[in-house]
Amino acid sequence: MTTTLPAYDEVVARYEPVIGLETHVELGTNTKMFCGCPTDFGGAPNTRVCPVCLGLPGSLPVANRAAVEATIRIGLALNCSIAQWCRFARKNYYYPDMPKNYQISQYDEPLCVDGYLDVEVNGEPVRISIERVHMEEDTGKTLHVGGATGRIHGATESLVDYNRAGIPLVEIVTKPIPGAGAMAPEVARAYVTELRDVLRSLGVSDVRMEEGSLRCDVNTSLNLPGEQWGTRTETKNVNSLRSVERAVRSEMIRQASVLAAGGRITQETRHFHEDTGDTTSGRSKETATDYRYFPEPDLVPIAPDPTWVAELKAALPELPRLHRRRLQQEWGLSDLDMQSILNAGAVELIEATIAAGTTPTAARKWWLGELSRRANETGAELADIGATPEQVAELQGLVDAGKLTDKLARTVLEHVVAGEGSPAKIMADRNLEVVSDTGALTAAVDEAIAANPAIADKVRGGKVAAAGALVGAVMKTTRGQADAKTVRELILERLGVQG
Amino acid sequence: MTDLTSFSAAELAGLVARGESSAVEVTQAHLDRISAVDDRVHAFLHVDTEGALDAAREVDSRRAAGEPLGPLAGVPVAVKDVLTTKGIPTTAGSKILADWRPPYDSTIVRRLRAAGTVMLGKTNMDEFAMGSSTEYSAFGPTHNPWDLSRIPGGSGGGSSAALAAYETPLSIGSDTGGSIRQPGAVTGTVGVKPTYGGTSRYGLIAFSSSLDTPGPCARTVLDAALLHEAIGGHDPLDSTSIPAPVPDVVAAARLGASGDLTGVRLGVVREFAGEGAEPGVLAAFRAAVETLTKLGAEVVEVSCPHFQYALPAYYLIAPSECSSNLARFDGVRFGLRVGDDGTRSLEEVMSATREAGFGPEVKRRVMLGTYALSSGYYDAYYGQAQKVRTLISRDFTTAFDQVDALISPTTPFVAFPVGARTADPYQMYLADLFTIPSNLYGGPGISVPCGLADGLPVGLQVMAPTMADDRMYRVAAALESAVGPFTPPAL
Amino acid sequence: MAAISREEVAHLARLSRLAVTEEELATLAGQLDVILQAVAQVGEVTAADIPPTSHSVPLTNVLRDDVVASCLTPEEALSGAPDAAEQRFRVPRILDEDVAS
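Small disclaimer: the values here were computed from a predicted structure and weren't measured.

Structural notes on the interface of chain C and chain B
Then step 1. Of the residues lining the interface, 54 residues belong to chain C; the matching set on chain B comes to 62 residues.
Then step 2. The contact between chain C and chain B buries some 5000 Å² in all, and 65% of this surface belongs to carbon and sulfur atoms.
Then step 3. Along the contact surface separating chain C from chain B lie four salt bridges.
Then step 4. Between C:R17 and B:E347 there is a salt bridge, and its shortest N-O distance comes to 3.4 Å.
Then step 5. Across the chain C-chain B interface, the total number found is 22 residue pairs in polar contact (both at pLDDT 80 or more).
Then step 6. For the side of chain C that touches chain B, the secondary-structure elements that each account for two or more residues are α1 (6–15), α2 (22–39) and β3 (88–92) of chain C.
Then step 7. In terms of residue count, the dominant contributor to the side of chain C that touches chain B is α2(C) (nine residues).

The structure is reproduced here in structure tokens:
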């Protein structure tokens, strides 16, 4: 395509976006949704399967209590009503990664409905309405062979592994979100971020977008002010928080360009490409698939007892928003400081660093300073930068103990990020510890005094500030591994001057 | 010595327990009988000679070691080929599963093994249990031992014919709309559809999940009760399994055998006692009603106004569920694959596989169900049928406020000649007219021989409230004691 | 009037993944028409306020504890496969438009 795409601010000046998000979460239960096969990753192909999750003739599903409870807890955390009675339904379509050629899901009777999640976008509160939270089962994984790219297109055959088939999935669907205007991409990202934090605090999933345990589909449409909502597209393959934002933005720009050229938007599935940042057309939904949903006759209804729900509600952990508010107080931070921590996605990292034995100030300094700078440079998420909270705490411990200067600590941190091991190990391996042996330091100081008699005289004459040049000389001979303050004290002492 | 195949299961268990006969002898006698007659009857799709003799030897050695034996230890049993048997062919009567050996046992088969019964093999059936004559088996029809030119009923014609041919004293069937009771009726044997949820469906290849019910088949009511007790009861692998003990069906069968039904109120279903059935069937049924009255039962007429809609409702619900249940037969994980020549896409290979692997009745029902579940038709067809199902259940509960059990002929007609009804699918469906209501309601039903019409057996059906299976055993055993047994001509 | 057209039957066959022949299509259309006219009788029943029955057992909340049970071996899992490679089930190329959500 050679069309020049419009600039984003032109898009939002002319059109109003409506977005919606469907998020799939793989639950971290021990076993699958409907059978006792383990859910752990990384097994050899088809080693986590049984007659049920292979869909063998005669096999029957039995629902996992822990998965139902996790879904109710998610619903409660998202302020949903929990259905008093609901059922599973079969969603019928043929695809080889789905062993039964139907997926057990929920249709018109989801377990949780009508909730909301409050998020903050640039310090402003935004309430995202949740339509439903329901249970379903994951599919197997298909490996496409013979094509150039490992993608389905052009492949000559495919190989199917059912280890993932039947892993419990929870689908969380928002109501359409109008009115976000130019902030729509940020709103989408803030929602998924907050949702991820909520899910993590509940301990129901490891919520890793890169590994697919948290998957996001983004619905986007544009309309002229005052007119009906436009036709929406559904963008899949959005595998990071940053991609959520990029996918919405690029789809808004694409749709605006189509509309501006007098075209119309096709209701379709689009795929987001991490490398280029745009979306390409997938399956058209013009001839909408009829999934022929009907109540799953192999499973009986779920009718959560109010006492059960109340118990689950009482046992919910402190949710991220309240948790953050409490942390802000404990850490004594201004709203602005807290906001910068949030923006950097560093709350949990800092919290864990403090828990590992360092002060709020030091933890914040490392994560928002050196590490954030590196994350921005490489485009990585802070959590994936390569340094753990424990390592950062250990590093600060070495500084506090006088074994590293700030400057040396930054050097050590670089090597930590490079994956060379713990700060203490790197400090030892690379001989970066502060020279604190006074004998060697005294020799270096004496050498510096002897080499700079004029400066030494000035200091002796009371110009204490001139000592800086001598400190610099000592630091140079010790390759920066001396503590400047100690060096200065030693110089003054050797020159017989009071500091 | 009397031929061991002529004994009932209860008698055989006694012979083995007392050491008057070994399990191996009993098993061998039945294997010999199968060799002698099954080329004409074709009740079996697979005979597991070695497995059966191994199981028999195991029983004999346990007895020799003085271990306690269950009430059916050493008794042979044949299993409808719709239940999975680990390592043993399981076809559901379909070409699409012709070579499939499941890697797991169904719950029923596990319980049969645990009870010390000896599984002889797998019996013929209409493909995926869809049919009323066994003519829709991909492996050729089974013949009725009463008249080899006639059908043995279906879908479980193999299990019932094997009993009537004395190839086995016990067999297992599955009943979705009458597939145990109707073959029982036309072969002069006993067939029981237990309460839905009273017997496990785990390992039963699904036709219509909300209706399918595995159950016992035998030549006597007591034998059926003993088998029912062995296979019944809660199974955590089946979410629809009822967590309650099996009703005491054995005691009820023994009580009924005394021939006294004083104090029992029976309801004749008005809608099933008039038109719709052959005159010979109605005559035998009326005679049986007389007999029941003589045994002390109070027989009244009750109306179940929605039963007339049971057949249409069934032919929407069962095909709908089957269209989804049979989707997994796609040539990917198991079973037949056709047309994979390196040029065709998966979709083409799937469609070619299903086209080649499924017979005409299965295709009809899969397509009918696909239609009934489609978004534009769901409410008018599947949705409406489910509402009718509710009304039929209400008819039952209203009736059971007045009577202890309901009675009717089991099926409108006696065994018909092979080929008589295959040209018109709907004529075949009528065979299940009287049995379908119990499946929609979920309650139990039994067919017990009640007489002959033109030399062919007629069955009487007793229907009871859910989890009151014992009631129908009592009535059936009483009738059996008064009119039975009915023995087919020698083969 | 026929309850179902030949075109509808052809569509149903595609949805049901059945590569039926033209000849079969004609037979099936006639048979399905008879059956559909018969089953349409359910529409005679006044049932607007009647709740549908999908399960005949009055059970709810049948749940399994989250405890790992034994799996099949890969050999058992693949024992019935028409075709396999690399311990996976092998299938012919998948058409793009098959991809569903």
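Let's pick the thread back up.
Focus: the sheet that holds strand β5 (residues 102–105) of chain A
Then step 1. An order of β5-β4-β16 (chain A) is seen for the three strands of this open sheet, with the pairing classed as antiparallel. On the outer flanks of this sheet lie β5 and β16 (294–295) of chain A, each paired with one strand and no other.
Then step 2. The sheet contact formed by strand β4 (residues 89–92) of chain A and β5(A) spans four bridges and is antiparallel. From the neighbouring strand, A:A89 faces β5(A), where its bridge partner is A:S105.
Then step 3. Together, β4, β5 and β16 of chain A form the strand contacts of helix α10 (residues 310–325) of chain B, whose direction differs from that of β4(A) by roughly 60°.

Side note on the pairing of strand β5 (residues 190–193) of chain B
Residues and elements named next belong to chain B.
Then step 1. The two faces of β5 match: V190 and V192 on one face and G191 and K193 on the other face are all buried.
Then step 2. In the sheet, β5 pairs with strand β6 (residues 213–218) via two bridges, with the strands oriented antiparallel. Of the residues in β6, the one forming a bridge with G191 is C217.
Then step 3. Looking at chain direction, β5 and strand β10 (residues 445–453) are connected through three bridges and run antiparallel.

Focus on helix α11 (residues 346–357) of chain B
Then step 1. For α11(B), with twelve residues, the first-to-last C-alpha span of 16 Å sits near the 16 Å given by 1.5 Å per residue.
Then step 2. Burial within α11(B) is extensive, with nine of its twelve residues counted as buried.
Then step 3. Along α11(B), the residues classified as buried are B:L346, B:V349, B:M350, B:S351, B:A352, B:T353, B:R354, B:E355 and B:G357.
Then step 4. If you follow the buried residues of α11(B), they end up packed against α12 (360–373) of chain B together with α2 and β3 of chain C.

Digging into unusual backbone geometry
Then step 1. Of note, the amide linkage connecting B:G154 to B:S155 takes the cis form, showing an omega dihedral of 10°.
Then step 2. Note on placement: B:S155 falls in the loop between β3 (118–123) and α5 (157–164).
Then step 3. Not every positive phi belongs to a glycine, and A:N79 is a case in point at roughly 60°.
Then step 4. Secondary-structure assignment places A:N79 in the loop between α2 (65–77) and β3 (81–82).
Then step 5. Exposure remark for A:N79: the relative accessible area of 34% places this residue in the partly exposed category.
Then step 6. Positive phi outside glycine occurs at B:D454, with the angle close to 55°.
Then step 7. Relative to the helices and strands, B:D454 resides in the loop between β10 and β11 (456–463).
Then step 8. The class for B:D454 is exposed, based on a relative accessible area of 79%.

As for the domain arrangement of chain A
Residues and elements named next belong to chain A.
Then step 1. Taken domain by domain, chain A holds domain 1 (8–308), domain 2 (318–429) and domain 3 (438–494).
Then step 2. The distance between the C-alpha centroids of domain 1 and domain 2 comes to 33 Å.
Then step 3. Taking both partners together, domain 1 and domain 2 bury about 980 Å²; carbon and sulfur atoms supply 40% of that area.
Then step 4. Considering only the side of domain 1, the residues that lose the most area to domain 2 are E120, E194 and D197, jointly responsible for 32% of the buried surface there.
Then step 5. Between domain 1 and domain 2 we count three salt bridges in total.
Then step 6. The shortest N-O distance in the salt bridge between E348 and R200 comes to 2.4 Å.

Observations concerning the packing of helix α7 (residues 221–231) of chain B against helix α8 (residues 249–256) of chain B
The relative placement of two packed helices is expressed as an angle between their axes plus a distance between the axes.
Residue and element names in this part refer to chain B.
Then step 1. The interhelical angle for the contact between α7 and α8, taken along N-to-C directions, is 170°, at an axis separation of 8 Å. Classified by the interaxial angle, the pair formed by α7 and α8 is roughly antiparallel. Of the residues in α8, those in contact with V221, L222, A225, L226, H228 and E229 of α7 are V249, V250, A253 and R254.
Then step 2. Classifying every residue of the contact of α7 with α8 by side-chain character gives seven nonpolar, one polar and two charged.

Regarding the environment of A:G262
Residue and element names in this part refer to chain A.
Then step 1. Inspection of the secondary structure puts G262 in the loop between α4 (241–260) and β14 (268–272).
Then step 2. Relative accessible area serves as the criterion here: at 67%, G262 is assigned to the exposed category.
Then step 3. Separated by eleven residues in sequence, G262 and H273 place their C-alpha atoms 26 Å apart.

Focus on empty space enclosed by the protein
Over the atoms rolls a probe the size of a water molecule, and its path tells where empty space is left.
All names here are of chain A.
Then step 1. Applying the stated criterion across every chain yields a total of five cavities of 30 Å³ or more.
Then step 2. Space inside the largest cavity adds up to approximately 110 Å³.
Then step 3. In terms of lining, the largest cavity is formed by 17 residues, of which the most central are F34, V52, C53, P61 and K100.
Then step 4. Residues that form the lining of the largest cavity fall into these classes: nine nonpolar, three polar and five charged.
Then step 5. Looking at the second largest cavity, its volume works out to about 70 Å³.
Then step 6. Of the residues belonging to the lining of the second largest cavity, the class tally is six nonpolar, three polar and two charged.

Parameters at a glance
- Residues numbered from 1 in each chain as written.
- Chains lettered and ligands numbered in written order.
- Predicted model: local features only at pLDDT ≥ 70, side-chain atom pairs only at ≥ 80, totals over all residues.
- Heavy atoms only, no water.
- Contact = heavy atoms within 4.5 Å.
- Buried area = accessible area lost by both parts, 1.4 Å probe.
- Salt bridge = Lys/Arg side-chain N within 4 Å of Asp/Glu carboxyl O.
- Polar contact = N/O pair within 3.5 Å; in protein donor to acceptor, adjacent residues only side chain to side chain.
- Helix = DSSP H or I, 4+ residues; strand = E, 2+ residues; numbered from the N terminus.
- Pairing = 2+ DSSP bridges.
- Axes fitted to C-alpha atoms, helices over the stretch in contact; angles between N-to-C directions.
- Buried < 20%, exposed > 50% of the residue type's maximum accessible area, 1.4 Å probe, protein only.
- Expected span 1.5 Å × (residues − 1).
- Domains from an automatic or database assignment.
- Parallel < 35°, antiparallel > 145°, perpendicular 65-115°, else oblique.
- Nonpolar A, V, L, I, M, F, W, Y, C, P; charged D, E, K, R; others polar.
- 1 Å grid on protein atoms, 1.4 Å probe; cavity = no way out; pocket = protein on both sides within 12 Å on 5 of 7 lines; lining within 4 Å.
- Points joined across faces, edges and corners; volume = space filled by probe spheres on them.

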